[in-house]
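# Overview (structure and organization)
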Amino acid sequence: MAVKMKKNPDTERSSNYNDLEKMSTTELLTNINEEDKSVPKSVEKQIPAIQILVDIIVSKMENGGRLFYIGAGTSGRLGVLDASECPPTFGVTDDMVIGLIAGGDTALRNAVENAEDDTQQAWKDLQKYKISKEDILVGIAASGTTPYVIGGIKDARDNGIVTGCITCSSGSPLAEASEYPIEVVTGPEFVTGSTRMKAGTAQKLVLNMISTSVMIKLGRVKGNKMVDMQLSNKKLVGRGTRMIMEELDVDEAKAADLLKKYGSVRKAVSNSKNEFK
């Protein structure tokens with residue numbers, strides 16, 4: 001499968017700064033921060049596109065579908081990160097949101113040579129999870145030219161699967177291949193081409209917006225509380241206890257007992273409402 005490559009992705013434009021090695025530490029930090037300030041504004045421009053994708057994901061997941069992310073390098077790691085945080089934060093099973101990275105789990109810590117250049121591997125990776133028309137696939141690539149991601153998106157569409165993408169370059173092959181593209185154009189990086197910086201920040205912000213909004217709309221948050229979070233450490237048990245104290249107007253000891261008895265904030269509150277009327 002040939003991938004049409006854009007000659008000059010926005011993410012490859014030369015930095016607005018030069019002679020970085022001659023800058024003081026304060027100058028480096030100030031200038032990096034100055035560049036970073038532009039990222040939320042770039043994301044803001046894409047809220048309408050993000051809203052469309054969120055609503056489609058919710059519709060799919062309400063009917064038993066799953067959300068898949070595919071990416072390479074920083075983009076892939078961010079997708080895996082977002083997927084891995086959904087179960088502990090929202091209490092969903094670990095097969096509802098699935099993140100795949102070119103090169104497999106080894107690539108989370110180490111660069112895997114040429115992994116992102118294979119246009120057929122993403123679909124092979126997705127087949128291991130039996131992806132179907134019930135699911136939705138979101139490709140993540142800062143430049144929008146990553147063959148692994150583009151190939152996966154094209155194969156998914158050929159098989160009737162709804163697709164979206166998150167990219168930081170305008171008019172990219174990835175956006176062209178996707179049904180619901182999100183193009184957060186962040187401009188040149190402080191270090192030319194280092195998309196782990198502004199582009200990575202933008203992708204993380206968009207992923208936060210997508211997964212959080214989806215889970216809220218699926219009923220995984222009550223008020224503003226993570227009532228389905230996994231109680232996997234003392235900090236989270238303490239947080240859960242305080243939630244119950246606030247919701248039921250009971251003391252800490254009683255709240256802790258309820259949390260221990262029911263195993264989750266949601267169950268503790270819902271099963272105790274009548275008791276405290």
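The structure this text deals with has already been given above.
What counts and how
Residues numbered from 1 in each chain as written. Predicted model: local features only at pLDDT ≥ 70, side-chain atom pairs only at ≥ 80, totals over all residues. Heavy atoms only, no water. Helix = DSSP H or I, 4+ residues; strand = E, 2+ residues; numbered from the N terminus. Expected span 1.5 Å × (residues − 1). Buried < 20%, exposed > 50% of the residue type's maximum accessible area, 1.4 Å probe, protein only. Core = buried A, V, L, I, M, F, W, Y, C linked by side-chain atoms within 4.5 Å. Salt bridge = Lys/Arg side-chain N within 4 Å of Asp/Glu carboxyl O. Axes fitted to C-alpha atoms, helices over the stretch in contact; angles between N-to-C directions. Parallel < 35°, antiparallel > 145°, perpendicular 65-115°, else oblique. Contact = heavy atoms within 4.5 Å. Nonpolar A, V, L, I, M, F, W, Y, C, P; charged D, E, K, R; others polar. 1 Å grid on protein atoms, 1.4 Å probe; cavity = no way out; pocket = protein on both sides within 12 Å on 5 of 7 lines; lining within 4 Å. Points joined across faces, edges and corners; volume = space filled by probe spheres on them. Disulfide = S-S within 2.5 Å.

## So, helix 6 (residues 147-158)
- With 12 residues, helix 6 should cover 16 Å at 1.5 Å per step; its first-to-last C-alpha distance of 16 Å lies within 8% of that length.
- Of all 12 residues making up helix 6, 9 are buried, and the element is well covered by its neighbours.
- Of all the residues in helix 6, the buried ones are Pro147, Tyr148, Val149, Ile150, Gly151, Gly152, Ile153, Asp155 and Ala156.
- Just downstream of helix 6, Gly160 is the residue with a positive phi angle, here 75 degrees.

## Thoughts on the nonpolar core
- Ranked by size, the top nonpolar core spans 36 residues in total, and within it Tyr69, Val97, Ile182 and Ile210 carry the most contacts.
- Among the secondary structure elements, those contributing two or more residues to this core are helix 2 (39-44), helix 3 (47-62), strand 1 (67-71), helix 4 (73-90), strand 3 (136-140), strand 4 (162-167) and helix 8 (198-217).
- Ala102, Ala115, Leu126 and Ala177 belong to the second-largest nonpolar core, a separate cluster that totals 23 residues.

## Let's talk about the pattern of salt bridges
- Across all of its chains, the model carries 10 salt bridges by this definition.
- Note that Glu34 and Lys37 form a salt bridge whose closest N and O atoms lie 3.4 Å from each other.
- Overall, Glu34 belongs to the partly exposed group, its relative accessible area being 43%.
- Linking Arg220 and Asp228 is a salt bridge whose minimum nitrogen-to-oxygen distance equals 3.6 Å.

## Focus on the side chain of Thr11
- With respect to the helices and strands, the residue Thr11 is situated in the segment before helix 1 (25-36).
- Using a relative accessible area of 1% as the deciding quantity, one classes Thr11 as buried.

## Remarks on unusual backbone geometry
- Phi is positive for Lys130, close to 55 degrees, though the residue is something other than glycine.
- Take Lys130: it is sitting in the loop between helix 5 (121-127) and strand 3.
- Since its relative accessible area comes to 68%, Lys130 is described here as exposed.

## Some details on the packing of helix 10 (residues 252-262) against helix 11 (residues 265-272)
- Contact pair helix 10 / helix 11: the axes reach a minimum separation of 8 Å and the direction vectors enclose 110 degrees. The angle between the axes of helix 10 and helix 11 places the two elements in the roughly perpendicular class. Residues Leu258, Leu259 and Tyr262 of helix 10 touch helix 11, and the partners they reach there are Val265, Lys267, Ala268, Asn271 and Ser272.
- Among the residues making up the contact of helix 10 with helix 11, the classes are represented as 5 nonpolar, 2 polar and 1 charged.

## So, the layout of surface pockets
- In this model, the largest pocket occupies a volume close to 280 Å³.
- Taken together, 13 residues form the lining of the largest pocket, with Ile98, Gly99, Leu100, Asp105 and Tyr129 sitting closest to its centre.
- For the lining of the largest pocket, the element with the highest residue contribution is strand 2 (residues 97-101), accounting for 5 residues.
- Along the lines of polarity and charge, the residues of the lining of the largest pocket split into 6 nonpolar, 2 polar and 5 charged.
- Looking at the second largest pocket, its volume works out to about 240 Å³.
- What lines the second largest pocket is a set of 16 residues, among which Ala72, Glu116, Ala142, Thr146 and Thr195 lie closest to the centre.
- Here the lining of the second largest pocket gets 4 residues from one element, more than from any other, and that element is helix 4.
- Partitioning the lining of the second largest pocket into residue classes produces 4 nonpolar, 9 polar and 3 charged.

## Topic: the state of the cysteines
- Tallied over the full model, the rule gives 0 disulfides.
- Cys168 supplies the cysteine sulfur nearest to Cys165, a cysteine that is in no disulfide, at a spacing of 10 Å.
- The class for Cys165 is buried, based on a relative accessible area of 0%.
- Overall, Cys168 belongs to the buried group, its relative accessible area being 0%.

By themselves, these are just geometric observations and shouldn't be taken as functional.
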